Amino acid sequence: MKNVIIINEQHRLMEQQKQIIERQLGNDIGLLKIPEQGLNRQEIEDIANALNNKAINVIVLSPIPLLLARLAHNQGTNNVWILHNDRRDKVELPNGQIRMVVAKDGWELIQV
């Protein structure tokens, strides 16, 4: 089965991470790189729908999705919400390097 790794385009898959995935899920690995400027809500929904319609392993490279998955899957008396912001601002560092950061405005609260 194919493995799709969702990763920020500015990050890289470390050798140990790759070895763990290959050992447990096989070596058919593809990367879905999330752009530095992020994705808007519709793009996220489109990606989720596309991935949900394939027989693949989806690996999200971040510690937060595990917590979100556990909370959403095991909802009992609690409700799970996400503070989401798909806006990014460019910030110039003192050395002239440009970084994309989450904007201060544009937040929305979405129930899972």
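Please read these numbers as outputs of a predicted model, since none were measured by experiment. (Residues numbered from 1 in each chain as written. Predicted model: local features only at pLDDT ≥ 70, side-chain atom pairs only at ≥ 80, totals over all residues. Heavy atoms only, no water.)

Caption draft 1: Spotlight on the nonpolar core. In this structure, Val4, Ile6, Ile34, Leu39, Leu51 and Ile56 together form the largest nonpolar core, which totals six residues. Ignoring any residue separated from it by four or fewer positions in sequence, one finds Ile6 in contact with Leu32, Ile34, Leu51, Val58, Ile59, Val60 and Leu61. (Core = buried A, V, L, I, M, F, W, Y, C linked by side-chain atoms within 4.5 Å. Buried < 20%, exposed > 50% of the residue type's maximum accessible area, 1.4 Å probe, protein only. Contact = heavy atoms within 4.5 Å.)

Caption draft 2: Structural view of the confidence of the model for the protein. On average, residues of the protein score 86 in pLDDT, and 96% of them are at 70 or above. Across the protein, the element-wise mean pLDDT spans from 78 in helix H3 (residues 64–73) up to 93 in strand E2 (residues 29–34). (pLDDT = per-residue confidence, 0-100. Helix = DSSP H or I, 4+ residues; strand = E, 2+ residues; numbered from the N terminus.)

Caption draft 3: Spatial organisation of the environment of Asn3. Looking at where Asn3 falls in the secondary structure, it is placed in strand E1 (residues 2–8). A relative accessible area of 0% means that Asn3 is categorised as buried. Residues in contact with Asn3, not counting those within four places in the same chain, are Ile21, Leu25, Gly26, Asp28, Ile29, Gly30, Asn57 and Ile59. A distance of 2.8 Å separates a polar atom in the side chain of Asn3 from a polar atom in the side chain of Asn57. (Polar contact = N/O pair within 3.5 Å; in protein donor to acceptor, adjacent residues only side chain to side chain.)

Caption draft 4: Spotlight on the side chain of His84. Mapped onto the elements of the fold, His84 is located in strand E4 (residues 81–84). Since its relative accessible area comes to 13%, His84 is described here as buried.

Caption draft 5: Main features of the pairing of strand E6 (residues 98–102). The pairing of strand E5 (residues 88–92) with E6 spans five bridges and is antiparallel. Directly across from Asp89, in E6, lies its bridge partner Val101. Taking the residues that link successive antiparallel strands as the turn, the E5-E6 hairpin has five residues, and the phi of Gly96 there is positive, at about 90 degrees. (Pairing = 2+ DSSP bridges.)

Caption draft 6: The sheet that holds E2, seen in detail. Within the open sheet, the three strands sit side by side as E2-E1-E3. Their pairing is parallel. The open sheet terminates on both sides in strands that have one partner only, identified here as E2 and strand E3 (56–60). Strand-to-strand twist in this sheet, taken as the mean axis angle between neighbours without regard to direction, amounts to 25 degrees. By the bridge criterion, six bridges tie E1 to E2 in an arrangement that is parallel. In the strand pairing of E2, Asn3 is matched with Ile29. (Axes fitted to C-alpha atoms, helices over the stretch in contact; angles between N-to-C directions.)

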